[in-house]
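# Examining the three-dimensional arrangement
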Amino acid sequence: MNNVAVHPLLKEISSYFTLKGKKVYLVGGAVRDLLLGKKAQDWDLATDARPEEVKSLFRRVIPTGIKHGTVTVLFKGYSLEVTTFRTESDYRDGRRPDKVEYAATIEEDLSRRDFTMNALAAELPSGRITDPFHGTADIKNRIIRCVGNAEERFAEDGLRPMRALRFASQLGFTVDEATLHAIPLSLGVTAKVSPERIRDEFEKIVAGGKPGAAFLLMEKTGLLSMLFPDLSRCRGVEQKGLHRFDVLDHSLLSLNYAAEKGFPQRVRLAALFHDLGKAVTKKLDDNGIWTFYQHERESERITGRILRQYRYPNTVIDGVTLLVREHMFHYEENWSDAAVRRFVVRVGEENLKDLYLLRFADAFGTAGVEGPADFLLPLANRVESVLSQNKAFTLKDLAVSGKDLMETGIKPGKHMGVILNELLETVLDDPALNTKERLLEIAGKINGRYIPGNSDGN
Ligand code: ATP
Ligand code: MG
């Protein structure tokens, strides 16, 4: 295939360049995705016009990456990254090029790109393909291959091995032998890449269709033990009972299931990390059976440490660690309504759905077949009915406030906090007590038991 169909807007934009005698190409992932018959994520253009010239061609231009020759053009509601042809040189630390130089031709520009499938350009407005590294053939054969010598390309930028595995799992492609072989030889370079850049590729792997494949390749090439040693430690941690797989395969199966079903990213991360603590809590009991007592606590701790290491925002860290901590939840039909209410309070109403989804993924990863724990539906029904009966699940929902308590002479501070929490416990046990009159009466009794200022509460 030597041509791709060009979007009318791209044709229109290209005329601004060609009228001034400049060349402009659609490049990178957009061309790859067009050849794969997929909708492009975003449009990247390459041109021989210098950034200042591009600025003069359009009314709204933002100098987003001017150091690298990139500006963003805003045009009819679209936003396009336009980069002047360039080469890169002097990757002294394997992280970023120290020097960016403008290049004369599109071929030169393509030669700095990572993989043959990403080193394609479609001339605008014609759509004629420039393909100096046979990227179209590799796309047809679904192969990821470095442009030129893989080891040299990885030595320039240690993120590229992660990108190779990310694309492999996202697109369902195979990594070419020589490219795969160069990954273990480049671990020292990858070790220097910033945690943020690693995280962005990791995020895309987890968000993709078959993330487990990327983690197996990471294991095979040594990336897993370097970047996620806690996961790699789960290999060979055998489990008995219903479990058919070791902890690593179990985690990857759970993640794959979550991905296949389109579960949210937070559930996917929890599916991957929920059993990390098993590697450190495993003990053989008197009957020769492996136990993992309170592994979810360890899993929570390790998950938090990994997410912090990779500079995740606190909201994500809190959301994922909560699911990991609570993933062992269970239910029995003889639970009282109070027990159901306590469960809701512990997990948080807004987290229930994701916790159920995690259980579906976990159950799939246990035996490799579908079917969550039988209690999930009855529990969900009980939760629904309890939620519809009554809304006193947090301090805010209590029929009395701190202000009400102050009016009865209770001093604000830690002491009042203790009383409010006891009132909430009381109401969780018996929602009928959630009236101002009853709660003030109970608060008075509790207050009598405490002597303010004595932290023992005696
Ligand atoms: P997607 O946006 O779908 O993840 P993409 O191929 O567009 O995939 P980007 O990260 O947006 O990936 O990069 C755009 C293009 O820039 C790539 O197609 C590739 O040609 C080039 N590129 C990006 N990162 C690198 C890198 N680390 N080394 C060499 N070339 C790169
Ligand atoms: Mg892109």
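None of the values given here were measured: they were computed from a predicted structure. (Residues numbered from 1 in each chain as written. Chains lettered and ligands numbered in written order. Predicted model: local features only at pLDDT ≥ 70, side-chain atom pairs only at ≥ 80, totals over all residues. Heavy atoms only, no water.)

### What about the environment of Phe 228?
Inspection of the secondary structure assignment puts Phe 228 in the loop between helix H12 (223-227) and helix H13 (229-232). The exposure class assigned to Phe 228 is buried, which follows from its relative accessible area of 2%. Spatially, the C-alpha atom of Phe 228 lies 9.8 Å from that of Phe 215, the residues being 13 residues apart in sequence. The residues touching Phe 228, leaving out its near neighbours within four places in the chain, are Phe 202, Met 218, Leu 223, Ile 306 and Tyr 310. (Helix = DSSP H or I, 4+ residues; strand = E, 2+ residues; numbered from the N terminus. Buried < 20%, exposed > 50% of the residue type's maximum accessible area, 1.4 Å probe, protein only. Contact = heavy atoms within 4.5 Å.)

### Some remarks on the packing of aromatic side chains
Scanning the model with the defined rule gives 18 aromatic pairs in all. For the ring pair Tyr 331 and Trp 335, a centre distance of 5.2 Å and an interplane angle of 80° mean the geometry is edge-to-face. The ring of Phe 167 has Arg 166 lying over it, and the distance from NZ or CZ to the ring centre is 4.1 Å. For the cation-ring pair, Lys 278 lies above Phe 292, with the distance from its terminal atom to the ring centre recorded as 5.0 Å. (Phe/Tyr/Trp six-rings, centres within 6.5 Å; stacked < 30°, edge-to-face > 60°. Lys NZ or Arg CZ within 6 Å of the ring centre and 35° of its normal.)

### Some thoughts on the pattern of salt bridges
The tally for this structure, following the rule as stated, stands at 33 salt bridges. A salt bridge links Arg 235 to Glu 219; its shortest N-O distance comes to 2.9 Å. Taken together, the positions of Arg 235 in the loop between H13 and helix H14 (247-260) and Glu 219 in helix H11 (residues 211-221) put the pair 16 residues apart, joining distant regions of the chain. Between Lys 278 and Asp 275 there is a salt bridge, and its shortest N-O distance comes to 3.4 Å. Three or more residues joined by partner-sharing salt bridges are found here, namely Arg 297, Glu 300, Arg 325, Glu 326 and Arg 346. (Salt bridge = Lys/Arg side-chain N within 4 Å of Asp/Glu carboxyl O.)

### Remarks on the site of ligand 1
For ligand 1, the set of nearby residues contains 16 residues, the closest of which are Arg 32, Asp 157, Arg 160, Arg 163 and Arg 166. Within the contact set of ligand 1, a nitrogen atom lies 2.8 Å away from a side-chain nitrogen or oxygen of Arg 160. Here an oxygen atom of ligand 1 and a side-chain polar atom of Arg 163 are 3.0 Å apart. Relative to its unbound accessible surface of 580 Å², ligand 1 loses 79% to contact with the protein. Of all the secondary-structure elements, those providing two or more residues to the shell around ligand 1 are helix H2 (29-35), helix H7 (160-171) and helix H10 (195-207). With four residues, H7 is the single largest residue contributor to the shell around ligand 1. Along the lines of polarity and charge, the residues of the shell around ligand 1 split into one nonpolar, four polar and eleven charged. (Near = heavy atom within 4 Å. Polar contact = N/O pair within 3.5 Å; in protein donor to acceptor, adjacent residues only side chain to side chain. Areas by Shrake-Rupley, 256 points an atom, 1.4 Å probe, with all protein chains shown as cover. Nonpolar A, V, L, I, M, F, W, Y, C, P; charged D, E, K, R; others polar.)

### Some details on the pairing of strand S1 (residues 24-27)
What you see with S1 is no split at all: Val 24 and Leu 26 on one side and Tyr 25 and Val 27 on the other are buried throughout. Strand direction decides the pairing type here: S1 and strand S8 (residues 121-123), joined by three bridges, are antiparallel. Note that in S8 the partner of Leu 26 across the bridge is Ala 122. (Pairing = 2+ DSSP bridges.)

### Some words on the packing of helix H15 (residues 265-273) against helix H20 (residues 352-367)
As a packed pair, H15 and H20 sit with axes 9 Å apart at the nearest point and diverge in direction by 45°. By the angle class used here, H15 and H20 are oblique. Relative to H20, H15 is oriented so that their crossing is right-handed. Contact with H15, carried on its side by Arg 266, Val 267, Ala 270 and Ala 271, involves Asp 354, Leu 357, Leu 358 and Ala 361 of H20 and no other residues of that element. (Axes fitted to C-alpha atoms, helices over the stretch in contact; angles between N-to-C directions. Parallel < 35°, antiparallel > 145°, perpendicular 65-115°, else oblique. Left-handed = near helix turned anticlockwise from the far one by under 90°.)

### Observations regarding unusual backbone geometry
Here Leu 124 and Pro 125 are connected by a cis peptide whose omega angle stands at 5°. Within the fold, Pro 125 resides in the loop between S8 and strand S9 (129-130). Although it is not a glycine, Lys 76 sits at a positive phi angle of roughly 50°. Mapped onto the elements of the fold, Lys 76 is located in the loop between strand S4 (70-75) and strand S5 (78-84). Within the chain, His 134 stands out as a residue other than glycine whose phi angle is a positive 60°. As for its position among the elements, His 134 is in the loop between S9 and helix H5 (135-140).

### Remarks on helix H17 (residues 295-309)
What sets the pattern is the α-helix's 3.6 residues per turn: residues three or four places apart point alike. For H17, spanning 15 residues, the distance from its first C-alpha to its last is 21 Å, which sits close to the expected 21 Å at 1.5 Å a residue. Among the residues of H17, those classed as buried are His 295, Glu 296, Ser 299, Glu 300, Ile 302, Thr 303, Gly 304, Ile 306 and Leu 307. Along its buried surface, H17 packs onto H13, H15, helix H16 (278-281) and helix H18 (314-326). Directly beyond the C-terminal end of H17, a positive phi value near 60° is found at Arg 311. (Expected span 1.5 Å × (residues − 1).)

### Comments concerning the sheet that holds S9
Ordered in space as S3-S4-S5-S2-S1-S8-S9, the seven strands form an open sheet in which the pairing is mixed. Unpaired on one side and paired on the other, strand S3 (61-65) and S9 mark the two borders of the sheet.

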